[in-house]
Amino acid sequence: MTGESELAIKEAFQRAQKGHNNKAKLVASLKNTYNKLEDKTLFHEEFIQYLKHAMIVYKREPAVENVIEFVSKFSTSFHTPSAEGGEEEDEEEDENPFLSYMFNFLLESHKANSHAVRFRVCQLINKLLGSMAENAQIDDDLFDGIHQAMLVRVTDKFPNVRIQASLAMARLQEPQNHQCPTVNAYLLILENDSNPEVRRAVLSCIAPSSLTLPKILKRTRDVKESVRKLAYQVLSDKVHIRALSIAQRVSLLQQGLHDAAESVREVVQVRLLPAWLNLLQGDVLELLHKLDVENCSQTALDTLTALFTHTPQDQLLHHRLQLDDRYTHTHTALDTLTALFTHTPQDQLLHHRLQLDDRMLVPAGSLSCESVLYWRALCEFVKTKGDEGEEMLEKLLPEAATFAEYLYGYVKCVPVLSEEQKGDFAQLELVMTKEFISQQLIHLTGCLDTNEEGGRKRVVAVLQEMLVLPQTPPSLVSLLTEKLLTLIPDDHRRIQTVAEVISEVREPIVIRQPLDENENRRKQVKLAEVKVGILEAKQALEECISNQEFNRAAELKDSITDLENLRNNILQEENTQQDDKETETRMEKILPSISNAQPAVRNMAVVCLGTCALHSKDLVNTHLVLLLQIAQLDEAKIRISALRSVIDLLLLYGFTLLSERPSVAPQTSHSPANQEDQEKGEEPEEGSSTAQSILMMLSDFLDSEVSELRTETAEGLAKLMYSGRISSAKLLSRLVLLWYNPVTEDDTRLRHCLGVFFQLYARESRAHQECVEECFLPTLQTLLNAPATSPLAEVDVTNVAELLVELTRPSSLIKPGDTQEVCVHDYLAVRVCGEMLKDPSAPEVRLYAKVLNSLELSADGNTTRDLVTLLQQVTQEVKDRIALRAVEKLIGQLQDSNNQPDLSTTTLQPVDVNTEEAANQDLDQSAKRPRRGQRKPSTAKGAKKSSRSAESSEESDGENVPDSVPVPRPSRRAKTAALDKTRLDLSALINQEANTS
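Residues numbered from 1 in each chain as written. Predicted model: local features only at pLDDT ≥ 70, side-chain atom pairs only at ≥ 80, totals over all residues. Heavy atoms only, no water.

**Quick notes on the overall build of the protein chain**
Assigned secondary structure in the protein chain consists of 46 helices and 2 strands. Here the protein chain, with 997 residues, has 46% of them falling under the buried criterion. For the protein chain, the proportion of contacts with a sequence separation of at least 24, taken over those separated by at least 6, is 74%. In the form shown here, the protein chain has an accessible surface area of approximately 51100 Å², with 49% of it arising from carbon and sulfur atoms. (Helix = DSSP H or I, 4+ residues; strand = E, 2+ residues; numbered from the N terminus. Buried < 20%, exposed > 50% of the residue type's maximum accessible area, 1.4 Å probe, protein only. Contact = heavy atoms within 4.5 Å. Areas by Shrake-Rupley, 256 points an atom, 1.4 Å probe, with all protein chains shown as cover.)

Laid out in structure tokens, this is it:
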């Protein structure tokens, strides 16, 4: 190799490092030098030698990246697109020795110990393959070598190496081959790689197919925002809407439009939806047809709103409303068309296919789901324009009275299907279509000009009459009622109107026509025949009794009863019949709703009864027992409704309401707790029996197998406790155990509700923290003594203890008290020490020692002195070295911080643990089991946070908690003496419930 050529290679690499140099010129210049050489071996070696200097640099330095880019372009500059014919391909292979030499060098280097070299090898292979023409071909052996090397590198421990290896395999995959190693490697990476950038790299190059599409869709639910965003981009660019099922389309839109990250939502709105619309030639309704708008209305609504919000005005004008026999959901298409109108000039709005007759109405025969929906959306949009749109609205809608008659005529014609007809899908679909059109027409009443008194009264009368019609579909009742009440501004008049409608539905007027003489004569003859039959049957009955034919006598007796009933009916009809004119009679057609056979009717009746009771204490006194019985005896859905009503009543009136009514305890009169009270000769407080029955019911519901009922109960108890209606450490302990119980792991609503409640409840006041402190030991003891077969045996007791300690930190209060005051943690420390002294050899003494070291103790010198004395007693009894060291460490910390002079009085007194033990449980302490492997539930993430001030504490959901002054506490024994009049301390009742269980 000559010195000139050496200088050319070195100079090329030096210039390539600078970004402002034209790499194409460098490539062309170096290529000319290369082509002039007869022996190219030395060129290859020296080129690689200079390249190695860049390959040992791992950091993405600009100079190194420029060199890599230059090398890839130079290497592929010799490669020309392949032509057809085997001879030309062989010649091409001989004419491109440099590229083959480069690939071979890289394949030999991919196993280097340096991760920088491995990274640059994969990067160069990626760039070389990417720079080759689409129809380029390489030798089969080289292909296999690259393939195998990259399959090894996608498992490299360095993420950047895996990224480049994944990108390098993009052109090596065979999408239609389900056994393709590259595709299988991609799928494995998408599922298991922990680095989001690696998953993004695979998403960017994986080819969609029936095998890979489900994995791509799954990445739209990735934990990383960047991965989700790229997944939607890939779907919009590479996947046709017809390749997705309806469920997949709906799921994509539902998740994407409500994604927590704004960038993901923007990709769905700006890229995915326009891409789908372009594939459908801009037909919005065709896009709706690709979605299940009937069952996923809200998703379709969000879809159209986002689609038209980000669509240019010139494209919106080209959307054509092709009306057919299919229909879309109300909310879905409404927002779609509203967005369409927003970007469309008003003079062009009427150019769409809205065929109005001279009455400004769409002929009933021409009404379709699409046309009526467009009509409604257009009118509502124009109405939002205010005075500007009033003139145009007159061209779209008739007068109020005219439209009211039009609406009444259409709704009256909606067919009512029999049970047999409901089995015919075609007829059922027809009825659903008419119901949908009726809904849109009812919505249009909100756009009518009801300022004129006559028109408004006619619309009110028509809506009221349609509510009374027997053939009015139930799906229209709610909407009709809403529009009716909207037109009646006065509340008193609203109540009166609704009462009249209910009365008409319950007891409709039945018109009886007078009978002619022939009909009257026929009835008289029939009545005479019935009377003769009764006499004959009675005579036969007497004979049977005389002959002791009792079976025959029983049959005759039933026959006589039927004949007498028939005679009475005929006589009643004669009495009510008038010969000279028609009669109007009200006939009750609806049974009492609470006892109705239809669960939906009973459920709505319970909801209505509970709502009415919120407005009347008299109704509460009358029907509270009924609601309690329904909450225990009916179907799950109805029980939940009744339970909600009971909880709402207690939240509004409090348990003091029970003292204002006679003491009634439904379903619990035989309870052991009541019997025990009677044996002791104790008279329960007024209303306590009903309160006890309610608490026992709620306690039982916490163990219900019906998850919805269990969740509703837990949420109700949380509301009652947070609002101050009840205060019970035992109930709080039950809620904590329920939150940690693995049985409720899939109950997201329950976990979220209790997680928020614990934080807000404990931070609200000092009294609440005292309640948490009281439930500390009972909760831990329940977990420690749970049998191996219980789900509670899997709960991490340490995690529970950390949560309760965190909740009782004085610094977490919204308004912390005096730092010198004896705090809740001081009393908790005494309780824990007493528990350790009760059984110093128990395995849980380590847990208690850890709890002691995590407490936030007060700075009161006298309190510290007493606590040190108690801890020293613990050190004398406890033999476990780990626990002993922890206690000694705490003693040293307390002694160092105690600079106060000795006082003769004591603030803290040790808890009489023997008394507590006898009251709460009867266990053999010597038989305590050793600790076992336990899992740590994911729901207690906040339990490990370090102590912090109230201002920096992290709230569960950011909601504003009302300020609350900490409750003053003169002494430990008097902490529950001063309660609000509306607050009932139910500890005694809870204790009774616990004892009975």
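**With respect to helix α30 (residues 599-613)**
Across its 15 residues, α30 extends 21 Å between first and last C-alpha, which sits within 8% of the 21 Å expected from 1.5 Å per residue. Those residues of α30 that fall on the buried side of the exposure criterion are R602, N603, A605, V606, L609, G610 and A613. The arc enclosing the buried residues of α30, seen along the axis, measures out at 160 degrees, which places them on a common side. Of the surrounding secondary structure, the elements contacted by the buried residues of α30 are α31 (617-633) and α32 (636-653). (Expected span 1.5 Å × (residues − 1). Arc of directions from axis to C-beta.)

**Side note on the environment of L211**
Tracing the chain through its elements places L211 in the loop between α11 (196-205) and α12 (213-218). Overall, the relative accessible area of 25% leaves L211 in the partly exposed class. Distance from L211 to P175, taken between C-alpha atoms, is 8.3 Å for residues 36 residues apart in sequence. Discounting residues that sit within four places of it in the chain, L211 has contacts with H178, V183, N184 and L187.

**Quick notes on helix α7 (residues 115-131)**
The α-helix advances 3.6 residues per turn, and as a result positions three or four apart in sequence lie on the same side. Compared with the 24 Å implied by 1.5 Å per residue over 17 residues, the 24 Å span of α7 between its first and last C-alpha is a close match. Here α7 lies mainly inside the structure; 13 of its 17 residues are buried. Residue S114 occupies the N-cap position of α7, its side-chain oxygen lying 3.3 Å from the main-chain nitrogen of A116. (Polar contact = N/O pair within 3.5 Å; in protein donor to acceptor, adjacent residues only side chain to side chain.)

**Overview of the packing of helix α23 (residues 400-412) against helix α25 (residues 453-468)**
At a minimum axis separation of 8 Å, α23 and α25 run at an interaxial angle of 10 degrees. The orientation of α23 relative to α25 falls into the category roughly parallel. By crossing handedness, the relation of α23 to α25 is classed as left-handed. The residues of α25 that touch α23, namely those facing A400, A401, A404, E405, L407, Y408 and V411, are G455, R458, V459, V462, L463, E465 and M466. (Axes fitted to C-alpha atoms, helices over the stretch in contact; angles between N-to-C directions. Parallel < 35°, antiparallel > 145°, perpendicular 65-115°, else oblique. Left-handed = near helix turned anticlockwise from the far one by under 90°.)

**Details of unusual backbone geometry**
For M360, which is not a glycine, the phi torsion comes out positive at approximately 65 degrees. Here M360 shows up in the loop between α20 (346-349) and α21 (369-383).

**A few points about the nonpolar core**
Counting residues in hydrophobic clusters, the biggest one holds 93 residues, and the most contacted among them are F776 and M836. When sequence neighbours within four positions are dropped, the list of residues in contact with F776 reads A801, L804, V805, L828, V832 and V851. Within the second largest apolar cluster, 90 residues are counted, among which are L37, V64, F70 and L244. (Core = buried A, V, L, I, M, F, W, Y, C linked by side-chain atoms within 4.5 Å.)

**Re the pattern of salt bridges**
For side chains of opposite charge, pairing can occur when their charged atoms come near one another. A complete count under the given rule lists 34 salt bridges for this structure. For E405, the salt bridge identified is with R458, shortest N-O distance 2.4 Å. One end of the pair, E405, is in helix α23; the other, R458, is in helix α25, with 53 residues separating them in the sequence. Classification of E405 by relative accessible area gives partly exposed; the value is 39%. (Salt bridge = Lys/Arg side-chain N within 4 Å of Asp/Glu carboxyl O.)

**Concerning the confidence of the model for the protein chain**
Averaged over all residues, the pLDDT of the protein chain equals 76, while 75% of them reach at least 70. Segment residues 1-7: pLDDT under 50, and 9 contacts once partners within four positions in sequence are set aside and those in other chains are kept. This model gives residues 343-353 a pLDDT under 50, and the stretch forms 27 contacts once residues within four places in sequence are excluded. (pLDDT = per-residue confidence, 0-100.)

**So, the side chain of K483**
By the element assignment, K483 lies in helix α26 (residues 474-486). Buried charge without a partner: K483 forms no salt bridge, and the closest opposite charge is E482, 4.9 Å away. Sequence-distant contacts of K483, that is, excluding residues within four places in its chain, are made with I442, H443, T445, G446 and L463. (Lys, Arg positive; Asp, Glu negative; His and termini not counted.)

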